[in-house]
Amino acid sequence: VILISAIARPESFETLMEMNQKNVVKHFVREDHHVWTQKEIEEIGAFARKNPRVSVVTTEKDFVKLEKLDTSALDLFVASIELSLEPGFPYEKLVD
């Protein structure tokens, strides 16, 4: 997968994808609260076209911002993340 995120802890998003057997090919990371531009989407699209068997995944938070842009060239999916506390889960991989 190709990840797109502008969140406070982008490494935790990447870790979650990897823990769910997703091979992260590239992670386009921006600062928290970043406003995505069409030029950035085109850059991501160009990278995605070079990796045609790879989907693009973003966070729900970023999708709200991306909705305003033309993302039709991306095979875009939104990761809906729900947290439940379960005994034995390796939480230390998600937080410092």
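How each quantity is defined
Residues numbered from 1 in each chain as written. Predicted model: local features only at pLDDT ≥ 70, side-chain atom pairs only at ≥ 80, totals over all residues. Heavy atoms only, no water. Buried < 20%, exposed > 50% of the residue type's maximum accessible area, 1.4 Å probe, protein only. Helix = DSSP H or I, 4+ residues; strand = E, 2+ residues; numbered from the N terminus. Pairing = 2+ DSSP bridges. Right-handed = clockwise from strand over helix to strand, strands pointing away. Contact = heavy atoms within 4.5 Å. Expected span 1.5 Å × (residues − 1). Arc of directions from axis to C-beta.

Asker: I'd like a description of the pairing of strand 1 (residues 2–5), backed by residues and values.
Answerer: Side chains Ile2 and Ile4 of strand 1 all project onto a buried face; the interleaved residues Leu3 and Ser5 project onto the opposite face, where all are buried too. The sheet contact formed by strand 1 and strand 2 (residues 26–29) spans four bridges and is parallel. Residue pairing for strand 2: Ile4 is matched across the bridge by Phe28. Taken together, strand 1, helix 1 (residues 10–19) and strand 2 form a β-α-β motif whose crossover is right-handed. For strand 1 and strand 3 (residues 56–59), the ladder comprises three bridges, and the chain directions are parallel.

Asker: Describe helix 1, and please don't skip the residues or the numbers.
Answerer: Those residues of helix 1 lying buried are Pro10, Ser12, Phe13, Thr15 and Met17. Contacts made by the buried residues of helix 1 are with strand 1, strand 2, strand 3 and strand 4 (76–79). Backbone geometry just downstream of helix 1 places Gln21 in the positive-phi region, at approximately 60°.

Asker: Give me the lowdown on helix 2 (residues 38–49), citing residues and values where you can.
Answerer: Here helix 2 contains twelve residues, and its C-alpha end-to-end distance of 16 Å stays within 8% of the 16 Å for a straight helix at 1.5 Å per residue. Of all the residues in helix 2, the buried ones are Glu40, Ile41, Ile44, Gly45 and Ala48. End-on view of helix 2: buried residues confined to an arc of 140°, all on one side of the axis. Exposed and facing more than 90 degrees away from the buried side of helix 2 are Lys39 and Arg49. On its buried face, helix 2 sits against strand 1, strand 2, strand 3 and helix 3 (60–66).

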